[in-house]
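The residues making up each chain are set out below.
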Amino acid sequence: MVEPVLTSINFWKRSMPKSRISQKLALVSGILVGLLASSALAQVRSTISFDNDWLFLKGDVMGAETVNFNDSSWRRLDVPHDWSIEGPFDAKNPTGGAGGFLPAGVGWYRKHFNVAGNQKDKRIFIEFDGVMANSDVWINGVHLGKRPYGYVSFAYEMTGHLNLGQDNVIAVRADNSGQPASRWYTGAGIYRHVHLVTTGQTRFANWGVFVTTPRIDAKQATIHISGEVLNQSAAGRTAGMQVDLIGPDGKSVASGQTSVGNIAPDQMMTFDLDLTVKDPQLWDIGKGVLYKAVARVKNGSKTLDEQTIPFGIREFHFDPATGFWMNGRNFKLKGMCLHHDGSAFGAAVPLAVWERRLTELRKLGVNAIRNSHNPERDFLDLADRMGFIVMDELFDQWTLAKNPYDYHLYFDEWSKIDVRDTVRRDRNHPSVIIYSAGNEIRDNHADQEKAKQTLRGLVDTFHENDPTRPVTQALFRPNIEGANDYNNGLADILDVVGQNYREKEILAAYKQKPTRKIIGTENDRQSLEQWLAMRDHPEYSGQFVWAGVDYLGEARAWPNYAFSYGMLDRTAHRRPLGWQRQSWWSDKPMVYAARRTAPNTAAPTDPGYDPNEQVRTRVVFDDWTPKDLSPHQENIEVYSNCEEVELFLNGKSLGSKSKDPNDRPRNWMVKFESGTIRALGKNGGKVVAEYELKTAGKPAKILLSTDKSSLTDDWNDVVFVTAIVVDANGIPVPDADPIISFEAKGAGFIFAVDSSDNTDHDPFQATKRRAFQGRCLAYVKTDKTSGTITLTASADGLESNKITIGVRK
């Protein structure tokens, strides 16, 4: 077996457009890769997309790793690819509700490619951003390695195993047949990007360039660049490191070069360089200001390797008494926890889906994201650009199982390797400000001393690979008998103490030891008390609410297949809970009104472990169309951060109410009559926000809208087309549920359809969907570089509608 060798990716080459699969691609694939590899001769490092033109077989088969295996009948597709999301949903699927009742098993991928014959002096690697799960990789029948953890990126060197100038076959076997293996939906297959990397014999080590900002003030910033240079040639090599810093405007802002060193064969040398940036532009919340460090391995005037590393200039720290600080400002981390699926896209999620979700979450006042519990590189790229803070978290279990086939089977062998690789991959992202060593780990409940030893090993591994960021852990019931984390020393191994829920306990832990820095790693979505605990205690750095968006899996019973209490539903539509959170967290004036029919069902102390948690009745409705249209009393609940809210029914004022100092909602008991409920939010007596609900009539037509007007031929791009059933006056009909058919003509196609109904078992890969609460969606993509797409939506008995989407380069 060849040991895995990880390699850095050039950020600026990762978003290459990808064409939709066609037979023509199959014919030119080998030639294309060969030409690209040949062009690498003129470069010191080449990183190209390896996503297109794979062959796939669902199921296990003997001999599929061999070169001469007959794969002519296999399905041709591009990756990223999640075969599990294709279904079918079935109550008998072994993943159970935790896995969204979607299938699991073995999937095989093969790809034929050609590498030019003049590449014999190059080092050639294949890099996988993520394969779910238990992947084995072969090149031309030679086993390169195995990685059990589906969320880690990895790569293998293929040099010496390639047939230069001839056909080569890469084979990947992904196996998640052991079930249940997770508490949420994981997906299956090569669900993240793949790259082919070509370098010279002397090169930067894998993720070996590390950029930090140790000193920052208003006038200048010190940028430290550390580069690990590996000599894989047969002779010693004299080399040094040169770095150019490029500003956000694309102009050079600093440059320098280290002294040279003599690197023996198969040895590595680390070079360090400090550069100064004058008048730095700071990366901050909502300000994704990025610089680039262009690092080169130099031998005299000759460049042996080159990498471009995006980075941000910012300072942050946690203070025990005052919480979180960034760039001289003290503010709360208002975070959301997110799982990694994209609803109808499964685990293979285009960045446009995440961008839409993050855009909607930002409107609520969200400034931070906890990757729960699955770090992803492309997501961090997006967070860097959008200016979101990230808690980068690994592991939902250590050695004590939560499911029979979960990561506990591999933890002892692989955990430190997976931490090392993930930290080295992610440490240049300015969005990442803290790592987490695990979520709701149970090991400390079984053996405290062993758990402390494990945690020390993990924290040391984090620090060895990145000494600039603190480490936390999402502690689970730390005060129960058998744990005692706040008294036995376990909590104090952490740089920042994190705890899920039970906010009074973590505040008490701070009072017990005021040198502790504390943060809420997971908190309740509807608890006013948990929000006030953070708001009113400066030592409480922030909270991460469960959950920002609904996700597949963690469903308690068929027919439900998804968790359904996020701030946003799976289609990124805001729930009343999201509006309430906005009234607590957002600085922008807002007001929202809804009908409340009963009190909320009490949330469990530790969500996620109560079998009745999702057996709840909906009690807040964002409409003025109750089933009973006769006169009766309705409770109108208003969420607002405005000083005053005045409510109107059909133009008549129902009075004003001032903001509660403890952020409770404002309620009016209103005698129902058809028409319009209108809420006006006022500051200083002036109207600064308004919201209204109208009584709907019978369904009459379909209203279409998009989140943007155009898209590109890029795997990461997609347009959300929302279909809403409205009455003759254009008012949404909240209980309409017709089957809506979508048709795309022109330069694009319907990739999938969706709704927020977590019990609709129809396939996502279709062109029709039953509306749920009056809404459903079509996701539109293109395989062209110009033209227009005309999308039509129709349903029996309703007036159809159409919308046009542009296609651009």
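Model, not experiment: these values are computed from the prediction.

Participant: Would you mind showing me how to read the sheet that holds strand S3 (residues 75-77) here?
Facilitator: Strand pairs in the sheet, formed through backbone hydrogen bonds, run parallel or antiparallel to each other. The 6 strands lie next to each other as S3-S2-S4-S9-S6-S7, forming an open sheet whose pairing is antiparallel. Each end of this open sheet is capped by a strand with a single partner; those strands are S3 and strand S7 (142-147). Sheet twist, expressed as the average angle between the axes of neighbouring strands with direction ignored, equals 25 degrees. Relative to strand S9 (residues 167-175), strand S4 (residues 106-114) is paired through 9 bridges, and the arrangement is antiparallel. Bridging from a neighbouring strand, Trp 108 pairs with Arg 173 of S9.

Participant: Which parts of the structure should I look at to understand the pattern of salt bridges?
Facilitator: Two side chains with opposite charge may pair up if their charged atoms get near one another. Throughout the structure, instances matching the rule amount to 47 salt bridges. Across the salt bridge formed by Arg 420 and Asp 421, the nearest N and O atoms sit 2.7 Å from each other. We classify Arg 420 as partly exposed; its relative accessible area is 36%. One salt bridge in this structure joins Arg 425 and Asp 426, with 2.6 Å as the shortest N-O distance. Among the residues examined, Arg 425 registers a relative accessible area of 5% and is labelled buried. Beyond isolated ion pairs, a larger network of salt bridges with shared partners links Arg 183, Asp 396, Lys 402, Glu 554 and Arg 556.

Participant: Sorry if this is basic, but what is going on with the packing of helix H2 (residues 351-363) against helix H3 (residues 377-386) here?
Facilitator: To describe two helices that pack against each other, one gives the angle between their axes and the distance between the axes. Axis separation between H2 and H3 bottoms out at 10 Å; the angle between their running directions is 45 degrees. Of the possible angle classes, the one that applies to H2 and H3 is oblique. Like other packed secondary-structure pairs, H2 and H3 cross with a definite hand, here right-handed. Each of Leu 351, Trp 354, Glu 355, Leu 358, Thr 359 and Arg 362 in H2 lies in contact with H3, whose residues at this interface are Asp 378, Phe 379, Leu 382, Arg 385 and Met 386.

Participant: When you look at the sheet that holds strand S34 (residues 633-640) in this model, what are you seeing that I'm missing?
Facilitator: Strand order in the open sheet formed by 4 strands is S33-S32-S34-S37, with antiparallel pairing between adjacent strands. The open sheet is flanked by strand S33 (620-621) and strand S37 (666-671), the only strands paired with a single partner. As defined by bridge partners, strand S32 (residues 591-596) adjoins S34 across 6 bridges and the pair is classed as antiparallel. Looking at the pairing, Tyr 592 lines up with Tyr 639 of S34. In the packing of helix H9 (residues 576-585) onto the sheet, the strands contacted are S32, S33 and S34, and the crossing angle to S34 comes to about 45 degrees.

Participant: For this particular structure, what's the right way to read helix H7 (residues 503-512)?
Facilitator: It helps to recall that an α-helix has 3.6 residues per turn; residues three or four apart then point in one direction. Among all positions of H7, only Glu 503, Glu 505, Ile 506, Leu 507, Ala 509 and Tyr 510 are buried. Buried-residue contacts for H7 involve strand S27 (497-500), strand S28 (518-523), helix H8 (528-535) and strand S29 (540-545).

Participant: Explain the packing of H8 against H9 here, please?
Facilitator: Between H8 and H9, whose axes approach to 12 Å, the crossing angle comes to 20 degrees. Here H8 is positioned roughly parallel relative to H9, judged by the angle of their axes. In this structure, H8 crosses over H9, and the sense of that crossing is right-handed. Residues Leu 528, Trp 531 and Met 534 of H8 form the contact with H9, whose own contacting residues are Arg 581, Trp 584 and Trp 585. The class makeup of the residues in the contact of H8 with H9 is 5 nonpolar, no polar and 1 charged.

Participant: What is the right way to read the packing of aromatic side chains from this model?
Facilitator: Counted according to the given criterion, the structure contains 35 aromatic pairs. Between the aromatic rings of Phe 324 and Phe 331, the centroid separation amounts to 5.5 Å while the plane-to-plane angle is 80 degrees, which identifies the pairing as edge-to-face. When sorted by exposure, Phe 324 lands in the same class as Phe 331, which is buried. Site record: aromatic cluster; members linked through ring pairs are Tyr 149, Tyr 151, Phe 395, Trp 398, Tyr 407 and Phe 411. Looking at Arg 357, its charged tip hangs above the ring of Trp 354, at a distance of 5.0 Å from the centre. Across the ring face of Trp 585, the terminal group of Arg 581 is positioned such that the distance to the ring centre comes to 4.8 Å.

Reading the values: the criteria
Residues numbered from 1 in each chain as written. Predicted model: local features only at pLDDT ≥ 70, side-chain atom pairs only at ≥ 80, totals over all residues. Heavy atoms only, no water. Pairing = 2+ DSSP bridges. Helix = DSSP H or I, 4+ residues; strand = E, 2+ residues; numbered from the N terminus. Axes fitted to C-alpha atoms, helices over the stretch in contact; angles between N-to-C directions. Salt bridge = Lys/Arg side-chain N within 4 Å of Asp/Glu carboxyl O. Buried < 20%, exposed > 50% of the residue type's maximum accessible area, 1.4 Å probe, protein only. Parallel < 35°, antiparallel > 145°, perpendicular 65-115°, else oblique. Left-handed = near helix turned anticlockwise from the far one by under 90°. Contact = heavy atoms within 4.5 Å. Nonpolar A, V, L, I, M, F, W, Y, C, P; charged D, E, K, R; others polar. Phe/Tyr/Trp six-rings, centres within 6.5 Å; stacked < 30°, edge-to-face > 60°. Lys NZ or Arg CZ within 6 Å of the ring centre and 35° of its normal.

Read these as spatial facts, not as claims about activity.
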